[in-house]
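Examination of the molecular architecture
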Amino acid sequence: MFGYLFITFCDEFVVTIFFRFATKAVDNIIAGVRKMLEEVPWIKNNKQTYAGFTEKMNKLTKIIGYPDGLDDQARLDRLHADFALSANETLNSLYLKSSKFLAKSILDDRVVRRLNVASTNAVYNPFGNRIIIHLGRLQMNSQNDIPAAIYGSLGAVIGHEIIHGFDGSSVLVDYGHINPWMSPSGKVSFDSMAHCVINEYNELNYTDPNGQFYKVNGVQTAGENVADNSGLRAAYNAFLSDPE
Ligand SMILES: [Zn+2]
């Protein structure tokens, strides 16, 4: 219900622009990721590893803004048909009815029910091989609709989430199950690339104005660093290939 209300009251101008951009950009950025993979010898030259990357990307599903049907009033009415309330409800009867309703509807329509569309976030879900760009994340862009600016902000976020499909934990999952799909030699090359990123970020540090020293932990931040770097590059490739 909250998701439906949020859609209704969202800034139409901003959402329309960024909704259209995100729908188009996901495919462009997937193409940008493919281009990057073609440039990595240990992926391109290893049949099993390259096939694994390609298949995961081909099967990637996306939810942009909100799941299909959340703006379909007739469908929402059908989903809530069992949840009839009367003036005589007690706290206990409300609790029982709502628990039963939620349990049933979560099983029936898991994705729609559990998605907080108002969240200003974007996520990759490894077991669904799915990226979700929440409506709240589309809404938080500035009103700047210059393509380069959108690719650099929202595009980089989309790229970041797609790359999470190939981070250290996601390469152990195919498109729903734990299944390390890389060839053994591909995994050795992947780990060596990851170590390179870890070593690079281990060198980064910062001293605040009070002299307090901070150091980046390259191991703990590896997944995010890979996603940030490669995601931005994929978004840049997508920008260069976008005729608009
Ligand atoms: Zn991330």
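Quantities reported herein were computed from a predicted structural model and do not represent experimental measurements. (Residues numbered from 1 in each chain as written. Predicted model: local features only at pLDDT ≥ 70, side-chain atom pairs only at ≥ 80, totals over all residues. Heavy atoms only, no water.)

What about the packing of aromatic side chains?
Evaluation of the coordinates by the stated rule reveals six aromatic pairs. Both rings, one in phenylalanine 53 and one in tryptophan 181, keep their centres 5.1 Å apart while their planes meet at 85°; by these two values the pair is edge-to-face. Of this pair, phenylalanine 53 sits in helix α4 (residues 47-58) while tryptophan 181 sits in the loop between α9 (147-164) and α10 (184-202), placing them 128 residues apart in sequence. Of the residues examined, phenylalanine 53 reaches a relative accessible area of 3% and is grouped as buried. On the basis of relative accessible area, tryptophan 181 is assigned to the buried category, the value being 9%. Between tyrosine 206 and tyrosine 214 the ring centres are 6.2 Å apart and the planes differ by 20°, which places this aromatic pair in the stacked class. Residue tyrosine 214 is classed as partly exposed on the basis of its relative accessible area, which comes to 42%. (Phe/Tyr/Trp six-rings, centres within 6.5 Å; stacked < 30°, edge-to-face > 60°. Helix = DSSP H or I, 4+ residues; strand = E, 2+ residues; numbered from the N terminus. Buried < 20%, exposed > 50% of the residue type's maximum accessible area, 1.4 Å probe, protein only.)

Observations concerning the nonpolar core
Ranked by size, the top nonpolar core spans 42 residues in total, and within it Ile131, Ile133, Leu138, Leu154, Ile158 and Ile162 carry the most contacts. Of all the secondary structure elements, the ones that give two or more residues to this core are α2 (12-38), α4, β2 (122-125), β3 (130-134), α8 (135-139), α9, α10 and α11 (222-241). Sorting elements by how many residues they give to this core places α2 first, with ten residues. Excluding residues that lie within four positions of it along the chain, isoleucine 162 makes contacts with Val26, Ile29, Ile30, Val33, Leu60 and Ile131. (Core = buried A, V, L, I, M, F, W, Y, C linked by side-chain atoms within 4.5 Å. Contact = heavy atoms within 4.5 Å.)

A closer look at the pattern of salt bridges
Scanning all chains against the criterion turns up seven salt bridges. A salt bridge links lysine 24 to aspartate 242; the shortest N-O distance between them is 2.9 Å. A residue pair is termed long-range when its members are at least 10 positions apart, and lysine 24 in helix α2 and aspartate 242 in the segment after α11 qualify at 218 residues. (Salt bridge = Lys/Arg side-chain N within 4 Å of Asp/Glu carboxyl O.)

Notes on the coordination of the zinc ion
Each pair of donors in an ideal octahedron of six around a metal sits at 90 or 180 degrees, and each pair in an ideal tetrahedron of four sits at 109.5 degrees. Donor atoms from the polypeptide that bind the zinc ion are His160 (NE2), His164 (NE2) and Glu224 (OE), placed at 2.1 Å. Of note, the donors binding the zinc ion are all from one chain and are spaced H-x3-H-x59-E. Linking histidine 160 in helix α9 with glutamate 224 in helix α11, this pair joins segments that are 64 residues apart in sequence. Assessed through its relative accessible area of 11%, histidine 160 is described here as buried. (Donors = N, O, S within 2.8 Å, 3.2 Å for Na, K, Ca; no water.)

All quantities given are derived from atomic positions and should not be read as evidence of function.
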